[in-house]
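# A look at the structure
Here's the letter readout for the chains.
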Amino acid sequence: MDGDRVEIDGGIMEGGGQILRVSTALSCLLGLPLRVRRIRAGRSQPGLRPQHLSGLEIIRDLCEGKLEGGEIGSTEITFTPGKIRGGTHIADTKTAGSVCLLMQVAMPCVLFAASPSELHLKGGTNAEMAPQIDYTVMVFKPIVERFNFTFSCDIKKRGYYPQGGGEVVVQMSPVKELTPINLTERGTVTKIHGRAFVAGALPIKLAKDMSAAAVRCIRKEIRDLYINIQPVREPDDQAFGTGSGIIIVAETSTGCLLAGSSLGKRGKNSDKVGIEAAEILLRNLKHGGTVDDSLQDQLIIFMALAKGVSRVKSGPITLHTQTAIHFTEQLTKAKFTVTKSEEEDPSKDTYIIECQGMGMVNPNL
């Protein structure tokens, strides 16, 4: 068997956990045995962290596959996939490792399962270096559902750094195939809304300060739009631990959603948290693309699996996106091209990501 294993170098390009997520999801979908070496070689603590291991374990369980080298700190794994089945699956990082990253690895696979799936994902809902669960629900979900599938995402409990303790339940039914998307018209911004939250021991005043600072920052650039950022205190029975943060979403006339978000941490002034999120949003609005920097790379695997040509207009291509494209092309028959967009306005730094998808068909339906 070993002669047929696809070899993946986990230390090139972005050099992080994303290489593992993309390649194991595709291995599972395509039935390709895989070896990943030099896992997270680009990180200060190389090898598998609890979150990556949980992601590998849920993929293994989803397809009754075989995983070798699956322990914390391991820098090499081999994975042999089986048949993807539906049903209930649990992944628990037992840390503040991101539930959103667990969702990223599992979701493409369960779309091509034999029956509906329910994923119980446990860990951090609002974690550093990962999309916040609010981003997943407010931005990722409505856009990715344009590939012609739906899912529900129920936030049972929020969990924060350092303990985690959050839980999200994702339910989805399999599809026959995915349809391509065309996201090339930005339109004009029609509304800006969001939520600034505190949980645990923190007073609501912090959420109000984050919200007010964010609104002031956006107002300097965008004067004529109503901006509604709700300050929220998470109910104690729905949040584990103490945390704070903010997400701000801009909606456009063509249905695009772009966001900026930031998390509070000890010693970080709440005004600064609000301003940071506002500045990320403004930067994403400035480039003229239809997706923000956080969504770019998350769409790549779906574009590759879809039947037909998908086109997305984005700002500057992130290293995460370049990495996702590289490994997706290595493992599938999908072909990507990235071209500078012919803008009327030369100050706009936009690109068209085009993909001739492989047209994955669910063999179980």
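What you see is a predicted model, and the numbers here were worked out from it, not measured in a lab.

## Re the domain arrangement of the chain
The domain architecture assigned to the chain consists of domain 1 (6-183 + 291-358) and domain 2 (189-286). Taken residue by residue, the interface counts 24 residues in domain 1 and 28 residues in domain 2. Buried surface at the junction of domain 1 and domain 2, summed over both partners, amounts to about 2,000 Å²; 57% is from carbon and sulfur atoms. For domain 1, the biggest contributors to the area lost against domain 2 are Gln-132, Met-138 and Tyr-160; these three give 29% of the whole. The residue Arg-195 makes a salt bridge to Asp-134 at a minimum N-O spacing of 3.1 Å. At the surface where domain 1 touches domain 2, the tally comes to nine residue pairs in polar contact (both at pLDDT 80 or more). Of all the secondary structure elements, the ones that give two or more residues to the side of domain 1 that touches domain 2 are α4 (133-144) and β7 (151-159). Here the side of domain 1 that touches domain 2 takes six residues from α4, the largest share from any one element. Classifying every residue of the side of domain 1 that touches domain 2 gives nine nonpolar, six polar and nine charged.

## Quick notes on the sheet that holds strand β3 (residues 66-68)
Ordered by their spatial adjacency, four strands build an open sheet running β1-β2-β4-β3, and the pairing between neighbours is mixed. At either margin of the open sheet sits one strand with a lone partner, and together these are β1 (6-9) and β3. Direction aside, the axes of adjacent strands within the sheet are offset by 15° on average. Bridge count between β3 and strand β4 (residues 77-80): three bridges; the pairing is antiparallel. By the bridge assignment for β4, Leu-67 is matched with Phe-79. Sheet contacts for helix α9 (residues 319-331): β1 and β2 (34-37); angle to β1, the most-contacted strand, approximately 170°.

## Section: the packing of aromatic side chains
To describe a pair of aromatic rings, one takes the distance between the centres and the angle between the planes. A complete count under the given rule lists six aromatic pairs for this structure. Here Phe-140 and Phe-302 contribute two aromatic rings whose centre-to-centre distance is 6.3 Å and whose plane-to-plane angle is 55°, an arrangement assigned as tilted. In this pair, Phe-140 is assigned in helix α4 and Phe-302 in helix α8 (residues 300-305), connecting sequence segments 162 residues apart. Accessibility assignment for this pair places Phe-140 and Phe-302 in one class, buried. Seen from their ring centres, Tyr-160 and Phe-197 are 5.9 Å apart, and the 20° between their planes marks the pair as stacked. Taken together, the residues Tyr-160 in the loop between β7 and β8 (166-172) and Phe-197 in strand β10 (residues 189-199) connect sequence positions 37 residues apart. Side by side, Tyr-160 and Phe-197 carry an identical accessibility label, which is buried. Each residue in the set Phe-140, Phe-147, Phe-149, Phe-151 and Phe-302 is aromatic and connected to the rest through ring pairs, giving one cluster. Above the ring of Tyr-351, the side-chain terminus of Lys-340 is found at 5.2 Å from the ring centroid.

## Some thoughts on empty space enclosed by the protein
One pass over the full model with this rule turns up two cavities of 30 Å³ or more. When its volume is computed, the largest cavity comes out at roughly 190 Å³. Residue lining of the largest cavity: 19 residues in total, with Gln-104, Val-105, Gln-298, Ile-301 and Phe-302 positioned closest to the centre. Where the lining of the largest cavity is concerned, the elements lending two or more residues are α1 (17-30), α3 (99-110), α4, α8 and α9. Considering every element that reaches the lining of the largest cavity, the biggest residue donor is α3, with six residues. Along its surface, the second largest cavity is lined by Gly-17, Leu-20, Arg-21, Thr-24, Gln-51, His-52, Gly-55, Leu-56, Leu-101, Leu-102 and Val-105. Counting only elements with at least two residues in the lining of the second largest cavity, the list comes to α1, α2 (50-62) and α3. In terms of residue class, the lining of the second largest cavity is made up of five nonpolar, five polar and one charged.

## Notes on α3
Across its twelve residues, α3 extends 16 Å between first and last C-alpha, which sits within 8% of the 16 Å expected from 1.5 Å per residue. Buried residues dominate α3, accounting for eleven of its twelve residues. Along α3, the positions that sit buried rather than exposed are Val-99, Cys-100, Leu-101, Leu-102, Met-103, Val-105, Ala-106, Met-107, Pro-108, Cys-109 and Val-110. Between the side-chain oxygen of the N-cap and the backbone nitrogen of Cys-100 there are 3.0 Å, and the N-cap of α3 in question is Ser-98.

Definitions and cut-offs
Residues numbered from 1 in each chain as written. Predicted model: local features only at pLDDT ≥ 70, side-chain atom pairs only at ≥ 80, totals over all residues. Heavy atoms only, no water. Domains from an automatic or database assignment. Contact = heavy atoms within 4.5 Å. Buried area = accessible area lost by both parts, 1.4 Å probe. Salt bridge = Lys/Arg side-chain N within 4 Å of Asp/Glu carboxyl O. Polar contact = N/O pair within 3.5 Å; in protein donor to acceptor, adjacent residues only side chain to side chain. Helix = DSSP H or I, 4+ residues; strand = E, 2+ residues; numbered from the N terminus. Nonpolar A, V, L, I, M, F, W, Y, C, P; charged D, E, K, R; others polar. Pairing = 2+ DSSP bridges. Axes fitted to C-alpha atoms, helices over the stretch in contact; angles between N-to-C directions. Phe/Tyr/Trp six-rings, centres within 6.5 Å; stacked < 30°, edge-to-face > 60°. Buried < 20%, exposed > 50% of the residue type's maximum accessible area, 1.4 Å probe, protein only. Lys NZ or Arg CZ within 6 Å of the ring centre and 35° of its normal. 1 Å grid on protein atoms, 1.4 Å probe; cavity = no way out; pocket = protein on both sides within 12 Å on 5 of 7 lines; lining within 4 Å. Points joined across faces, edges and corners; volume = space filled by probe spheres on them. Expected span 1.5 Å × (residues − 1).

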